[in-house]
Amino acid sequence: QVQLGESGGGVVQSGGSLRLSCTFFGNEFSYFVMGWYRQAPGQQRDLGARITPGGGTDYGDSVKGRFTISRDNAGNTVYPKMNSLKSEDTALYLCNTYALTTKRDYWGQGTQVTVSS
């Protein structure tokens, strides 16, 4: 069974930075793609960033150049870093993991990020 533990959300001023973290609880972390998605009220869930076991990264168009994601394989944790935050970045940020072996998705509970202008 896989569980995800998220932290790091909160309120930040426009132009500021915030770092989230997501810890993977389960076996074989090295076979899982880790990612962060975000969902604002009334809107679809969009990709923020994701990282493969080998360190390959992918970013949503709205965050490219501002967000980065890193992976600590020893600690089973990923760290998305969000810079130059805008009011439109306000959303519920959800950690996701995708098993390359079983093709299953798992989701965290989410952490709220609010950017104040």
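You'll find the structure just up there.
Computed from a predicted model, the values in this text were never measured in an experiment. (Residues numbered from 1 in each chain as written. Predicted model: local features only at pLDDT ≥ 70, side-chain atom pairs only at ≥ 80, totals over all residues. Heavy atoms only, no water.)

S.K.: Looking at this model, I keep getting lost on the overall build of the protein. Mind explaining?
M.R.: Per the secondary structure count, the protein includes zero helices and twelve strands. Taken from the N to the C terminus, the helices and strands of the protein come in the order β-β-β-β-β-β-β-β-β-β-β-β. A globule of 117 residues ought to have a C-alpha radius of gyration of about 13 Å, and the protein, at 14 Å, matches this closely. For the protein, the C-alpha atoms occupy an extent of roughly 40 × 25 × 25 Å along the three principal directions. Per-residue burial over the protein gives 42% buried out of 117 residues. Long-range pairs, those at least 24 residues apart, make up 53% of the contacts in the protein with a sequence separation of at least 6. Total accessible area on the protein stands at roughly 6,200 Å², and carbon and sulfur atoms take up 44% of it. Here the protein holds 11 positive side-chain charges and 9 negative ones, and the gap between their average locations is 2 Å. (Helix = DSSP H or I, 4+ residues; strand = E, 2+ residues; numbered from the N terminus. Rg over C-alpha atoms; globule rule 2.2 N^0.38 Å. Buried < 20%, exposed > 50% of the residue type's maximum accessible area, 1.4 Å probe, protein only. Contact = heavy atoms within 4.5 Å. Areas by Shrake-Rupley, 256 points an atom, 1.4 Å probe, with all protein chains shown as cover. Lys, Arg positive; Asp, Glu negative; His and termini not counted. Charge placed at Lys NZ, Arg CZ, Asp CG, Glu CD.)

S.K.: Even after reading the chapter, I still don't get the nonpolar core, so can you show me in this structure?
M.R.: The biggest cluster of nonpolar side chains holds 28 residues, and the ones touching the most others in it are Met-34, Trp-36, Met-82 and Tyr-93. Only strand 4 (21–25), strand 5 (32–39), strand 6 (46–51), strand 8 (67–72), strand 9 (77–82), strand 10 (91–99) and strand 12 (111–116) provide two or more residues apiece to this core. At four residues, strand 10 tops the list of elements feeding residues into this core. (Core = buried A, V, L, I, M, F, W, Y, C linked by side-chain atoms within 4.5 Å.)

S.K.: I would appreciate a short explanation of the state of the cysteines in the present structure.
M.R.: In a disulfide, the sulfur atoms of two cysteines are covalently bonded to one another. Here the structure, examined in full by the defined rule, presents one disulfide. Note that Cys-22 is cross-linked by a disulfide to Cys-95, the S-S spacing being 2.0 Å. Its torsion about the S-S bond being -90°, the disulfide of Cys-22 and Cys-95 is classed as left-handed. You can see Cys-22 sitting in strand 4 and its partner Cys-95 sitting in strand 10, a full 73 residues away along the chain. On the accessibility criterion, Cys-22 (0% relative accessible area) is buried. (Disulfide = S-S within 2.5 Å.)

S.K.: I'm lost on the pairing of strand 10 in this one. Help?
M.R.: A regular strand places its side chains so that they alternate between the two faces of the sheet. Burial analysis of strand 10 places seven of its nine residues in the buried class, which makes it a mostly covered element. As paired strands, strand 5 and strand 10 are joined by eight bridges and run antiparallel to one another. By the bridge assignment for strand 10, Phe-32 is matched with Ala-99. When strand 10 meets strand 12, the two strands line up antiparallel, connected through three bridges. Bridge pairing in strand 12 places Ala-91 opposite Val-113. Inspection of the sheet shows strand 10 paired to strand 11 (residues 105–107) by three bridges, in the antiparallel sense. The partner of Asn-96 across the bridge, within strand 11, is Trp-107. The hairpin formed by strand 10 and strand 11 contains five residues between the paired strands, and Lys-103 there has a positive phi angle of roughly 65°. (Pairing = 2+ DSSP bridges.)

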